[in-house]
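# Coordinate analysis (summary)
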Amino acid sequence: MKLREIKEGKVKLKIPNVEKSEEGEVFYNPIMTFDRNISTCVADLLPEILNKKRNDIKALDALSATGVRALRYIKESEINTWANDANPKAASLIKKNLKINNIEMKITNEDANIIMRKNKFDFIDIDPFGSPIYFLDSAARSFPKEGFLSITATDTAPLCGTYPKVCLRRYGIESFKPDYYNELGIRILISSMMKMFSRYEISLTPYLSYSRRHYFRVYGKIERGVKRVNREMKEFGYISHCFNCGWRGASLNQKCPICGSKTKFCEIYLGEIQNKTFLNSLKKKMEKRMFVKEKNLIDKIREEVSFSLYYDTHYICKKAGKQIKKIENIIKDLKESGFKASRTHFCPTAIKTNASFEELIKFI
Ligand SMILES: [Zn+2]
């Protein structure tokens, strides 16, 4: 394997010197630097979140590849991290990267599920190519009373409704593709995680959930306790969507109340997927490290109103048979009429509002 040296954050890295990564090779994805920058800021906040001394926190980078996340957690956030990768080529590359950074770190070359079944971790990062679902059961068993989870899902095509049957098999919920597909996809992912954890009487409180390019990232706190899990389950509800007229509602309607067409529906988690207090602290950490683009994303999410399922204004205008109206004007009109409204990071042409579909149509 030919290598070249680069720098990411405060760590030096040897990465495969290839144009495109092939199967079985170690993968370094420069696009994910953005998310790793966010992750190091999240790791900074772990002592407060977990109410634990920084030195006592045990973290796992379960699918470590080049070791970049683990190295950055240690060097930039001073979190004791264990790097694991099932690929022997990755494990040997992580060792090389450890040496050039003068860092001490535990490295294993095992199936991530086995590592999590055998050991307890306060913080687990799962950054797979594809779905994280295959690792979540083991993660649930690995957390002590409290913990923190950070995951990536790159299988957005099933989650966002392009492959509904794959989504049903993998996540237990049949997806569909409405205008708010990014939010539906990330909520299906969160719902499926919550259901999996609830078996172990573990709750997952989302702290930060976002979609970017073709993947989702979710960060959340893990707590054991029946009461919390019961409360979380109460936040589940049906959403129904009519592909004929564009109507949607947080209720179970097999027929559209407006045009009478057959709807698509599913039961998902409808509660909060962001924690605004956490986002404020995260923003400060980003300012300190001068992560400008990352801070801009967090700012956008902080300004979003909390109502679920955004409306893509282009889709709504088309469905209403109207000319596309400027998004700023729609938001202004809604606010002047006493509704809450904002843009959303999920889609540049979309808004979030507490106005119903019927009310929104009037403004358009
Ligand atoms: Zn309809």
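Criteria and thresholds
Counting restarts for each chain: residues are numbered from 1 in the order of the written sequence. Given that this is a predicted model, residues contribute local features only at a pLDDT of at least 70 and side-chain atom pairs are listed and counted only at 80 or more, while totals for whole chains, interfaces and linings are drawn from all residues. Hydrogens and water are ignored here; the side-chain numbers use all heavy atoms of the structure. Exposure above 30% relative accessible area and no salt bridge define the residues that can form patches, which grow by joining like charges within 9 Å and nonpolar side chains of Val, Leu, Ile, Met, Phe, Trp and Tyr within 5 Å. Note on areas: Shrake-Rupley, 1.4 Å probe, and residue coverage restricted to the protein chains presented here. The rule for a salt bridge is simple: a side-chain nitrogen of Lys or Arg has to be within 4 Å of a carboxyl oxygen of Asp or Glu. Counting rule applied: Lys, Arg positive; Asp, Glu negative; His and chain ends not counted. Just so you know, the charge point we use is NZ for Lys, CZ for Arg, CG for Asp and CD for Glu. Only runs of H or I of at least four residues qualify as helices and only runs of E of at least two qualify as strands under DSSP, and these elements are numbered from the N terminus. Buried, partly exposed and exposed residues are distinguished by accessible area as a fraction of the type maximum, computed with a 1.4 Å probe on protein chains only: under 20%, between the cut-offs, and over 50%, respectively. DSSP-based pairing: two strands are paired if at least 2 bridges between them are found. Convention adopted: a line fitted to C-alpha atoms gives each axis, helices being fitted over their contacting stretch, and angles between N-to-C directions are expressed from 0 to 180 degrees. Any two residues having at least one pair of non-hydrogen atoms within 4.5 Å are treated as being in contact. Note on aromatic contacts: the rings of Phe and Tyr and the six-membered ring of Trp form a pair at centre separations within 6.5 Å, being stacked when their planes are under 30 degrees apart, edge-to-face when over 60 apart, and tilted otherwise. Sitting over a ring, as applied to charges here, requires NZ of Lys or CZ of Arg to be within 6 Å of the ring centre and within 35 degrees of the ring normal. Any pair of nitrogen or oxygen atoms within 3.5 Å is treated as a polar contact; in protein, a donor-acceptor pairing is required on top of that, and neighbouring residues in sequence qualify only through side-chain atoms on both sides. Bear in mind that the domain bounds are from an automatic or database domain assignment. Put simply, buried area is how much 1.4 Å-probe accessible surface two parts lose in total, over both of them, once they are put together. In this description, a nonpolar core means a group of buried Ala, Val, Leu, Ile, Met, Phe, Trp, Tyr and Cys residues linked to one another through side-chain atoms lying within 4.5 Å.

What follows is about a positive patch on the surface. Side chains of Lys7, Lys10, Lys12 and Lys75 sit close together on the surface and give a patch of like positive charge. Along the chain, Lys75 falls in helix α3 (residues 68-77). For Lys75, a relative accessible area of 38% corresponds to the partly exposed category.

Next up on the list: the sheet that holds strand β8 (residues 202-212). The strand order across the open sheet formed by seven strands is β5-β4-β3-β6-β7-β9-β8, and the pairing between neighbours is mixed. With one partner strand each, in any of the chains shown, β5 (106-108) and β8 form the two edges of the open sheet. The sheet shows a mean angle of 15 degrees between the axes of neighbouring strands, direction not considered. The pairing of strand β6 (residues 123-126) with strand β7 (residues 146-153) spans four bridges and is classified as parallel. If you follow Asp125 over to β7, its bridge partner there is Ser150. Docked against the sheet, α3 engages β3 (58-61), β4 (80-84), β6 and β9 (215-224), running at close to 170 degrees with respect to β4.

Turning next to the sheet that holds strand β10 (residues 236-241). Within the open sheet, the three strands sit side by side as β11-β10-β12. Their pairing is antiparallel. At either end of the open sheet lies a strand with only one pairing partner, and these are β11 (248-249) and β12 (264-269). Where β10 lies against β12, six bridges are found, and the strand directions are antiparallel. Bridged to Tyr238 within β12 is Glu267. Relative to the sheet, helix α9 (residues 181-198) contacts β10 and β12, its axis offset from that of β12 by approximately 55 degrees.

Glancing now at the packing of aromatic side chains. In the structure shown here, the tally under the stated rule is eleven aromatic pairs. Aromatic side chains Phe339 and Phe363 sit 6.0 Å apart centroid to centroid with 90 degrees between the ring planes, which places their arrangement in the edge-to-face category. Taken as a pair, Phe339 in the loop between α14 (327-336) and β14 (341-344) and Phe363 in helix α15 (residues 357-363) lie far apart in primary sequence, 24 residues in all. For Phe363, a relative accessible area of 19% gives the class buried. Members of the aromatic cluster, joined through ring pairs, are Tyr73, Phe123, Phe148, Tyr207 and Phe278. In this structure, Lys58 packs its charged tip against the face of Phe121, placed 5.3 Å from the ring centre. The ring of Trp82 has Lys106 lying over it, and the distance from NZ or CZ to the ring centre is 4.2 Å.

A positive phi angle, near 55 degrees, is found at Ala65, a position not held by glycine. Tracing the chain through its elements places Ala65 in the loop between β3 and α3. One non-glycine residue with positive phi stands out, namely Asn102, at about 55 degrees. Within the fold, Asn102 resides in the loop between α4 (88-101) and β5.

Right, let's get into the side chain of Thr81. Looking at the element boundaries, Thr81 is found in strand β4. Judged by its relative accessible area of 2%, Thr81 is buried. In terms of polar contacts, Thr81 uses its side chain to reach the backbone carbonyl oxygen of Ile79, at 2.8 Å. If we skip the residues at most four places from it in the chain, Thr81 touches Ala59, Leu60, Asp61, Ala70, Tyr73, Ile74, Met105 and Lys106.

Structurally, the protein chain comprises domain 1 (3-278) and domain 2 (311-364). Domain 1 and domain 2 are separated by 31 Å when their C-alpha centres are compared. Taken together, the contact between domain 1 and domain 2 spans 18 residues of the former and ten residues of the latter. When domain 1 packs against domain 2, the two sides together hide about 1,100 Å² of surface, and 56% of this comes from carbon and sulfur. Three residues stand out in domain 1 for area buried against domain 2, namely Asp179, Glu183 and Arg248, and they jointly supply 40% of the buried area on that side. For the pair domain 1 and domain 2, the interface holds one salt bridge.

On to the nonpolar core. Most often, soluble globular proteins have nonpolar side chains that are buried together. Counting 50 residues, the largest nonpolar core has Ile124, Ile126, Leu136, Leu149 and Leu189 as its most contacted members. Residue assignment places this core across two domains, with domain 1 (3-278) and domain 2 (311-364) each supplying three or more. Among all residues touching Leu149, those that are not within four sequence positions of it are Ile124, Ile126, Leu136, Phe143, Met193, Phe197, Val218, Tyr219, Gly220 and Ile222. Residues Cys41, Ala59, Ile79 and Leu282 belong to the second largest nonpolar core, which totals 27 residues.

Summed over all chains, the structure comprises 28 salt bridges. The partner of Glu183 in a salt bridge is Arg187, with the nearest N and O atoms 2.8 Å apart. Of this pair, Glu183 and Arg187 are both found in helix α9, four residues apart, which corresponds to roughly one turn of the helix. Neither Glu183 nor Arg187 differs from the other in exposure class; each is buried.

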